[in-house]
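Chain residues, written in single-letter form:
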Amino acid sequence: MSTQVFAEPSVSLEQKIGQMLLMGFIGSSPETAGALRVAEHLSGRHIGGVLFLRHNVRSREGAEGSAALFREADPGAWMAIDQEGGLVQRLSRDLGYTWIPRASQIVEEYGLDGAERLYTIGAEELRAAGFNMNLAPVADVHEDGNAVIGRHGRAYGTDGEAISAYASRFIDAFNAHQVACVIKHFPGHGRSRGDSHDGFVDITATWSEAELDPFARLINSGHAKFIMGGHLTHQQLDPSGVPVTFSRPILTGILRDRMGYDGVIMTDDLDMGAIRSHYDQRSAVIRSIQAGNDVIMMSNSAAPNMDLPQQFVDWVMQAIEAGEIEEGWIEASYQRIRRAKARFALQ
């Protein structure tokens, strides 16, 4: 494994900002205009990585071909995809990949050792397909009435120790094949009463401190290198009422300062309905960085913009000049990303 991801003698502030953007695209093969433009952005080190969604994975050849194109453009870039298992498995058995059962079925039918065997197969396939970031596992608690987690069996249970045990096996299997895992959805989406794909989800009345336990265990065991916050509001944890994605009291105050987390913090997709319906893109980006996020995920699918990377850098540079963002925050995020890329580079 090479660690020469950033071998340049100097990296400009603009390039450091670009490393914070994980961007999606329109296209399902390497020949599409969207894929070719992404490759240009990667070659110029204008973005830190690429997000693959369902519409990018129409065929095995197309998905793996796009990943290969991007990997050639920048071997150090993130190739990120949801390969959680169950309903959320982009590289599906319909395309010839091994089916990974949903979390609840893993617990009920396979146990910890069986989970490790299945996740090892999934990790081997994901890495072979050209990906080095899995937007999983879920560390949320299970509740039957939950529309986005419980209904689809995406959680490992209700007990923090059990959830962290299964999530640890998941992470160990993928890390062993040099695939980074992003734990989600901090501080807990499992007892919510809505889906943040559609709009704001207020967890003030349903959330409990116990939902922090799986995250805390994964942090303390050294398994948490990437954590994704949810587009969730909690007015007791942050009386301002902004979503966790924009909440410095929650992401910096609770996750970093109180829980001692020193890894990468990543947003969920800023193009999701909960954010897009209330904030313009510039505001969403700036607020995310102010809150303490290191990687900003933008699927760039609601209103595709080929020039998004340059706009992203311009927005952040302007915010730094205006005193809205401290340049030191960018440097800290860059260093966390840099360390992570040295571990999981595709070279």
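An account of the accompanying structure is given in this report.

Conventions used here
- Residues numbered from 1 in each chain as written.
- Predicted model: local features only at pLDDT ≥ 70, side-chain atom pairs only at ≥ 80, totals over all residues.
- Heavy atoms only, no water.
- Helix = DSSP H or I, 4+ residues; strand = E, 2+ residues; numbered from the N terminus.
- Rg over C-alpha atoms; globule rule 2.2 N^0.38 Å.
- Buried < 20%, exposed > 50% of the residue type's maximum accessible area, 1.4 Å probe, protein only.
- Contact = heavy atoms within 4.5 Å.
- Areas by Shrake-Rupley, 256 points an atom, 1.4 Å probe, with all protein chains shown as cover.
- Lys, Arg positive; Asp, Glu negative; His and termini not counted.
- Charge placed at Lys NZ, Arg CZ, Asp CG, Glu CD.
- Axes fitted to C-alpha atoms, helices over the stretch in contact; angles between N-to-C directions.
- Parallel < 35°, antiparallel > 145°, perpendicular 65-115°, else oblique.
- Left-handed = near helix turned anticlockwise from the far one by under 90°.
- Nonpolar A, V, L, I, M, F, W, Y, C, P; charged D, E, K, R; others polar.
- Phe/Tyr/Trp six-rings, centres within 6.5 Å; stacked < 30°, edge-to-face > 60°.
- Lys NZ or Arg CZ within 6 Å of the ring centre and 35° of its normal.
- Core = buried A, V, L, I, M, F, W, Y, C linked by side-chain atoms within 4.5 Å.
- Pairing = 2+ DSSP bridges.

Describing the overall build of the protein
The helix and strand inventory of the protein stands at 11 helices and 13 strands. Relative to the compact-globule value of 20 Å for 347 residues, the protein shows a C-alpha radius of gyration of 19 Å, a close match. Seen through its principal axes, the protein has C-alpha atoms that stretch 50 × 50 × 35 Å. Within the protein, buried positions represent 59% of all 347 residues. A sequence separation of at least 24 residues applies to 77% of the contacts in the protein between residues at least 6 apart. Element-wise, carbon and sulfur atoms account for 46% of the exposed surface of the protein, whose accessible area totals about 13100 Å². Across the protein, the centroid of the 31 positively charged side chains sits 2 Å from that of the 44 negatively charged ones.

Brief notes about the packing of helix H5 (residues 160–176) against helix H6 (residues 213–220)
Following both chains from N to C, one finds H5 and H6 inclined at 45 degrees, their axes separated by 8 Å at the closest point. Our classification of the angle between H5 and H6 gives oblique. H6 is crossed by H5, and the crossing has right-handed handedness. Only Asp-213, Pro-214, Arg-217 and Leu-218 of H6 make contact with H5, whose side of the interface consists of Gly-160, Glu-161, Ile-163, Ser-164, Ala-167, Ser-168 and Ile-171. The residue makeup of the contact of H5 with H6, split by class, is five nonpolar, three polar and three charged.

With respect to the packing of aromatic side chains
Within this structure, the stated rule accounts for 12 aromatic pairs. Geometrically, the ring pair formed by Phe-170 and Phe-174 is stacked, given 4.7 Å between the ring centres and 25 degrees between the ring planes. Here Phe-170 pairs with Phe-174, and both are found in helix H5, just four residues apart, close to one helical turn. Phe-174 matches Phe-170 in its accessibility class, with the two residues each being buried. Pairwise contacts between aromatic rings join Phe-25, Phe-52, Phe-70 and Phe-131 into one cluster. It is Arg-93 that lies over the ring of Trp-99; its NZ or CZ is 4.7 Å from the centre. Lying across the ring of Trp-329, Arg-248 places its NZ or CZ 4.4 Å from the centre.

A word on the nonpolar core
Phe-70, Phe-186, Val-285 and Val-316 are the most contacted members of the largest nonpolar core, which totals 106 residues. Broken down by element, the residue count for this core peaks at eight residues, all from helix H10 (residues 308–321). Not counting the four nearest positions on each side in its chain, Val-285 is found in contact with Leu-270, Ile-296, Met-298, Phe-312, Trp-315 and Val-316.

Here's the deal with the sheet that holds strand S6 (residues 133–134)
Read across the open sheet, the six strands follow the order S7-S6-S3-S2-S1-S13; overall the sheet is parallel. Edge positions in the open sheet fall to strand S7 (180–181) and strand S13 (296–298), since each of these has one partner strand only. Where strand S1 (residues 21–24) meets S13, three bridges bridge the pair, whose relative direction is parallel. If you follow Met-23 over to S13, its bridge partner there is Met-298.

Description of the sheet that holds strand S12 (residues 264–266)
In space, the three strands of this open sheet follow the order S8-S10-S12, with parallel pairing throughout. Since the sheet does not close on itself, it has two edges, and those belong to strand S8 (183–186) and S12, each with one partner. In this sheet, neighbouring strand axes are inclined to one another by 30 degrees on average, regardless of whether the strands run parallel or antiparallel. With three bridges joining them, S8 and strand S10 (residues 226–229) adopt parallel strand pairing. Bridge pairing in S10 links Ile-183 to Ile-227. Each of S8 and S10 touches H6; the most contacted strand, S8, lies at about 140 degrees to it.

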